[in-house]
Every structure is written in structure tokens, then in C-alpha cells.
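Structural overview
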Amino acid sequence: MSNATLGKAAILMFGPPGSGKGTVSKVLMGRLGLPHVSTGDILRENVQAGTELGRQAKAIMDAGKLVPDDLVNQIVAERLSRPDCARGCILDGYPRTLEQGQVLTGLLERLGLEPVVVSLEVDYNIIVARLTARRSCPKCGAVYNLVSKPPMAGGLCEVDSTPVITRDDDREDVIRQRFASYEKQTQPLADYFTGTVKRFYRVTVGEGSPEENSERVCGILLNG
Ligand code: AMP
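Parameters and conventions
Residues numbered from 1 in each chain as written. Predicted model: local features only at pLDDT ≥ 70, side-chain atom pairs only at ≥ 80, totals over all residues. Heavy atoms only, no water. Helix = DSSP H or I, 4+ residues; strand = E, 2+ residues; numbered from the N terminus. Rg over C-alpha atoms; globule rule 2.2 N^0.38 Å. Buried < 20%, exposed > 50% of the residue type's maximum accessible area, 1.4 Å probe, protein only. Contact = heavy atoms within 4.5 Å. Areas by Shrake-Rupley, 256 points an atom, 1.4 Å probe, with all protein chains shown as cover. Lys, Arg positive; Asp, Glu negative; His and termini not counted. Charge placed at Lys NZ, Arg CZ, Asp CG, Glu CD. Salt bridge = Lys/Arg side-chain N within 4 Å of Asp/Glu carboxyl O. Expected span 1.5 Å × (residues − 1).

**A closer look at the overall build of the protein**
Along the protein, the regular secondary structure elements total eight helices and seven strands. Compactness check: the protein gives a C-alpha radius of gyration of 18 Å against a globular reference of 17 Å for 224 residues, within 12% of the reference. Seen through its C-alpha atoms, the protein measures out along the principal axes to roughly 55 × 45 × 30 Å. Out of the 224 residues belonging to the protein, those deemed buried represent 46%. Restricting to contacts in the protein with at least 6 residues of sequence separation, those with at least 24 account for 71%. A total of about 11,600 Å² of accessible surface is found on the protein, and carbon and sulfur atoms cover 53% of it. Seen as two clouds, the 27 positive and the 27 negative side-chain charges of the protein have centres 2 Å apart.

So, in C-alpha cells, the structure goes:
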């Protein structure tokens, strides 16, 4: 599909845990032909590969804290300078602090990319319902939902018949905590970008599936 309307854009995906941000980013990557740049994925790859960066980031990530701004800013500057990002990219999980947002604004200006914000807005109660119904297979990682995509009878994984489990961070008290930290982190960024970018789309994702929501976001980005 053509993205003449979109132009050379860096799409900044905002959305609380459970909003389907990861799925929407991946669908956009396929539909818009732009690379998906996730700082969380890059950091995890570095931890796996045992690089110096991974060594520095691991303990911080394990504690659920944010990696220092300097480190992630450098990762993103390096990644966005590669040729595959020349026409644009989809940023997922970055920026997360006001300083990262300000540094990113300067970087995008130098690279000739326009920041376009897509903020997925979803009611807290819907997130709780969705995440508390989520189950996953501890062996192969397959993801289920008790309502929309249940595992086999007896709560077994379709792939390898392992009993599915609830992720530790999908329990309601933890979800509340993750949601609150997201709001606290993102509000100043949302305020900053509201004042600085031309295109800031708030998309209410409500009860729709991540796939339906992805189509809506594509439509908005491609048709303005
Ligand atoms: P994510 O997969 O986006 O939830 O990221 C996993 C972890 O990586 C986070 O909990 C942070 O420790 C770290 N991380 C990812 N992106 C950033 C960022 N933009 N700023 C700081 N830390 C980050």
C-alpha cells in the first residue's frame, strides 16, 4: 500500500500494557513497509548476546526499572541512522521519558523524519479483563485468552499439551501498578508532543481485537 500521505515519518506508538501496541506495531510494519524499532527487543538481544550494553542493562531490566536515558538514546540514534530507516520507522517502547522525547525530536530533525504520534487509548477495566484472561504456555510461549482464544480442554497448550499458566505480571495488582507507571511516565511526554508535533492521533481501541485496531490505525495514518 502507498504511504504518500504519511510521508517520511517516525511513528511513535504510545499505549498502556494490554492495549495491543506490540501487535499494532507489527501489523503497521507489514502494511507500511517500515522497520519496527523496539528498544525493549534491542536491549533483550544485547542481554542474550552478552554484549557490554546487555551487561549494563540486565540488572536494571530485571528490577523493572528504566535503563538510563543516555544508553537508550545512543541505541536509537545508531538504529535510526541505518539505511532501512531512511523512509521512516515505527518506534515502540521509546521515548519513555521527557528527556528521551526531547533528544528524539532533535534526532528526527537531523534525519529529516516527521514525528507522528499514535496513542492507543483504552479503558482500564478493559485492560484488566483482557490481561487477567491471558494465559501462556511456559514451554513454547504460545499465548491464549480464556474468552477469545481458549486453550484446549483442561487448560492445555494446543502445540505441546503443557498446562498453560498466568504470567506473573498479568495479575490484577501488578496490572494496576504497570498501568499507573505507564500513565505517570507517558503523561509528560504526551503533553510535550501535543505541543510540538503536527500529527497526534488518539485512537480509542475499546473492545476491538488487536487486528481490528491495527486496521483502523493503518486507515488513519494512510488517509490522515
Ligand atoms: P519493553 O519490552 O518495552 O517493556 O522493555 C523492557 C525493559 O527494557 C523495560 O522495563 C526497561 O527496563 C527497558 N527499556 C525498554 N525501552 C526503554 C526506554 N525507552 N527507556 C528506558 N528503558 C527501556
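**Focus on unusual backbone geometry**
Here Tyr 94 and Pro 95 are connected by a cis peptide whose omega angle stands at 0°. The phi dihedral of Ser 161 is positive, around 60°, even though this residue is not glycine. By the element assignment, Ser 161 lies in the loop between β6 (143-145) and α7 (172-196).

**Describing the pattern of salt bridges**
A full pass over the atoms with the stated rule returns ten salt bridges. With a closest N to O distance of 2.9 Å, Arg 44 and Asp 41 form a salt bridge. Residue Arg 44 and its partner Asp 41 are located together in helix α2 (residues 39-49), separated by three residues, close to a single helical turn. Looking at Arg 44, the relative accessible area reads 46%, which means it is partly exposed. One salt bridge in this structure joins Glu 172 and Arg 176, with 3.1 Å as the shortest N-O distance. Linking Glu 172 with Arg 176, this pair stays in helix α7, spanning four residues, or about one helical turn.

**So, helix α5 (residues 98-111)**
With 14 residues, α5 should cover 20 Å at 1.5 Å per step; its first-to-last C-alpha distance of 20 Å lies within 8% of that length. Looking only at α5, the buried set comprises Gln 100, Gly 101, Leu 104, Thr 105, Leu 107 and Leu 108. Residues of α5 that are buried sit in contact with β1 (9-14), α4 (69-80), β3 (88-92), β4 (114-121) and α7. Gly 112 sits one or two positions beyond α5 and adopts a positive phi of about 75°.

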